[in-house]
Amino acid sequence: MSETFGRAIIVGASSGIGKAIALELGAKKAKLVLLARRSDALEQVAQEVRAAGGDATVMVHDVRDRGEAGARFDAAVEALGGLDLLVYASGILERVREGEFDAEKDGRMLEVNLLGAVAWGDAAGALFQAQRRGTLMNISSVAGVRGRRGNPVYGASKAGLTAYTEALRNRLSRYGVNVVTVKPGYVDTPMTAGQKGLFWVISAQDAARRSLSIAARGGSPDAFVPARWGLVAAIIKMIPSVVFRRLNF
Ligand SMILES: NC(=O)c1ccc[n+]([C@@H]2O[C@H](COP(=O)([O-])OP(=O)(O)OC[C@H]3O[C@@H](n4cnc5c(N)ncnc54)[C@H](OP(=O)(O)O)[C@@H]3O)[C@@H](O)[C@H]2O)c1
């Protein structure tokens, strides 16, 4: 089965992977609703989408305002005249210092990376179940594979997002809905700018193309991007806890 994405909502479309996904879909003449907080950046993406032959409407939205998600989702679906794809790409990675415990910072990561995704995923899940088709793609991360000492809550938010998306897949695939988990390794975006020690870094465009191609194959995939990160994840999962806690990873 091959999915086509003529009408899509992208949450977190103002930069990085979400923006690159918008541009890829725009080049295929898709009709898009783009959401994030920064209206100028969204308008710029919308212009690029239109220049590429697609169509784009901008909606300013802070995913921490979860009570708004349902109404925003309904308005976006109405503007598009239906929905084939929802991408949840909003995410934040707060810098956490050695020895720092900051519940405010940690709470923000949970709100944006996990709770916002749940609000949008639930809205899309209800529609897709009723129409018995559609694709939901959540951008999780390799960081969710193990609890790592460097940034406990970023990893926990991604582990939660991976588990939530798997649960949606188990609910919805029987209705013909395609629920996709994408777990990128390092991607060159504003999120990773200035970070040291990264390896196997790919461009946002490469991440977008690979993610969309995985989603288009259908069958509710759960995939690392690029696939070689799956090997890293398999090795990390095998490391015993007593060893893992001594590593600086
Ligand atoms: N870059 C990597 O190496 C990498 C690796 C694995 C997974 N990921 C994941 O990929 C996703 C995209 O990240 P990226 O690397 O493309 O980062 P990015 O360039 O910083 O983009 C993050 C996006 O999230 C949006 N966002 C942040 N806070 C928001 C809020 N409160 N409400 C609505 N939107 C919000 C931003 O828009 P506004 O600021 O305009 O609101 C922006 O569009 C994230 O979930 C990230 O965790 C990234």
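The structure presented is a predicted model; accordingly, all values stated were derived computationally and were not measured.

To continue, consider helix H5 (residues 152-172). Compared with an ideal rise of 1.5 Å per residue, which puts 21 residues at 30 Å, H5 spans 30 Å between its outermost C-alpha atoms and is within 8% of the ideal. On its buried side, H5 packs onto helix H4 (103-131), strand E5 (135-139), strand E6 (178-184) and strand E9 (222-225).

It is worth spelling out the site of the ligand at this point. Taken together, 30 residues lie near the ligand, and Ser-15, Arg-37, Tyr-154, Val-187 and Thr-189 sit nearest. One nitrogen or oxygen atom from the main chain of Gly-16 is found 3.4 Å from an oxygen atom belonging to the ligand. Within the backbone of Ile-17, one N or O atom sits 2.8 Å away from an oxygen atom of the ligand. Protein chains bury 95% of the 880 Å² of accessible surface belonging to the ligand in isolation. Breaking the shell around the ligand down by element, the ones donating at least two residues are helix H1 (16-27) and H5. Each residue belonging to the shell around the ligand can be placed in one class, and the counts come to 14 nonpolar, 12 polar and 4 charged.

This brings us to the side chain of Glu-100. Residue placement: Glu-100 occurs in the loop between strand E4 (85-88) and H4. A polar contact of 2.7 Å, which involves the side chain of Glu-100, links it to the backbone nitrogen of Arg-97. Sequence-distant contacts of Glu-100, that is, excluding residues within four places in its chain, are made with Arg-95 and Lys-105.

Overall, the coordinates contain 6 aromatic pairs when judged by the stated rule. With a centroid separation of 5.6 Å and 75° between ring planes, the pair formed by Tyr-186 and Phe-199 is classed as edge-to-face. One end of the pair, Tyr-186, is in the loop between E6 and strand E7 (187-188); the other, Phe-199, is in the loop between E7 and strand E8 (202-203), and 13 residues separate them in sequence. Each ring, one from Trp-200 and one from Trp-229, has its centre 5.2 Å from the other, and the planes form 80°; the classification is edge-to-face. Pair noted here: Trp-200 is in the loop between E7 and E8 and Trp-229 is in helix H7 (residues 229-238), with a separation of 29 residues, a long-range link. What makes Trp-229 buried here is its relative accessible area of 2%. The ring of Phe-244 carries the charged tip of Arg-146 above its face, separated from the ring centre by 4.3 Å. We note Lys-183 situated over the ring of Phe-224; from NZ or CZ to the ring centre the distance is 4.2 Å.

On to the pattern of salt bridges, then. The tally for this structure, following the rule as stated, stands at 13 salt bridges. Note that Lys-183 is salt-bridged to Asp-222, the shortest N-O span being 2.6 Å. With Lys-183 in strand E6 and Asp-222 in strand E9, the pair connects residues that are 39 residues apart, well separated along the chain. Judged by relative accessible area, which is 9%, Lys-183 ranks as buried. Because the salt bridges share partners, they merge into one network encompassing Arg-7, Asp-84 and Arg-133.

What follows deals with helix H6 (residues 204-216). If you check H6, its first and last C-alpha atoms are 18 Å apart, about what 13 residues at 1.5 Å a residue would give, namely 18 Å. Turning to H6, its buried residues are Ala-204, Ala-207, Ala-208, Ser-211, Leu-212, Ile-214, Ala-215 and Ala-216. Of the residues flanking the end of H6, it is Gly-218, one or two places downstream, whose phi is positive at about 75°.

Attention now goes to the pairing of E5. Burial of E5 is extensive: 5 of the 5 residues sit out of reach of the surface. By the alternation rule, side chains of E5 split into Thr-135, Met-137 and Ile-139 and Leu-136 and Asn-138, which are all buried. Relative to E5, E4 is paired through 4 bridges, and the arrangement is parallel. Considered in E5, the bridge of Leu-85 is made with Thr-135. Between E4 and its parallel partner E5, the chain crosses via H4, and the hand of that crossover is right-handed. Taken together, E5, H5 and E6 form a β-α-β motif whose crossover is right-handed.

Take the sheet that holds strand E1 (residues 7-11) next. What the 7 strands build is an open sheet, ordered E3-E2-E1-E4-E5-E6-E9; its pairing is parallel. Single-partner strands in this sheet number two, and they are strand E3 (55-60) and E9. Sheet twist, expressed as the mean angle between neighbouring strand axes with direction ignored, is 15°. In this structure, E6 lies alongside E9, joined through 4 bridges in parallel fashion. From the neighbouring strand, Thr-181 faces E9, where its bridge partner is Asp-222.

Criteria and thresholds
Residues numbered from 1 in each chain as written. Predicted model: local features only at pLDDT ≥ 70, side-chain atom pairs only at ≥ 80, totals over all residues. Heavy atoms only, no water. Helix = DSSP H or I, 4+ residues; strand = E, 2+ residues; numbered from the N terminus. Expected span 1.5 Å × (residues − 1). Contact = heavy atoms within 4.5 Å. Near = heavy atom within 4 Å. Polar contact = N/O pair within 3.5 Å; in protein donor to acceptor, adjacent residues only side chain to side chain. Areas by Shrake-Rupley, 256 points an atom, 1.4 Å probe, with all protein chains shown as cover. Nonpolar A, V, L, I, M, F, W, Y, C, P; charged D, E, K, R; others polar. Phe/Tyr/Trp six-rings, centres within 6.5 Å; stacked < 30°, edge-to-face > 60°. Buried < 20%, exposed > 50% of the residue type's maximum accessible area, 1.4 Å probe, protein only. Lys NZ or Arg CZ within 6 Å of the ring centre and 35° of its normal. Salt bridge = Lys/Arg side-chain N within 4 Å of Asp/Glu carboxyl O. Pairing = 2+ DSSP bridges. Right-handed = clockwise from strand over helix to strand, strands pointing away. Axes fitted to C-alpha atoms, helices over the stretch in contact; angles between N-to-C directions.

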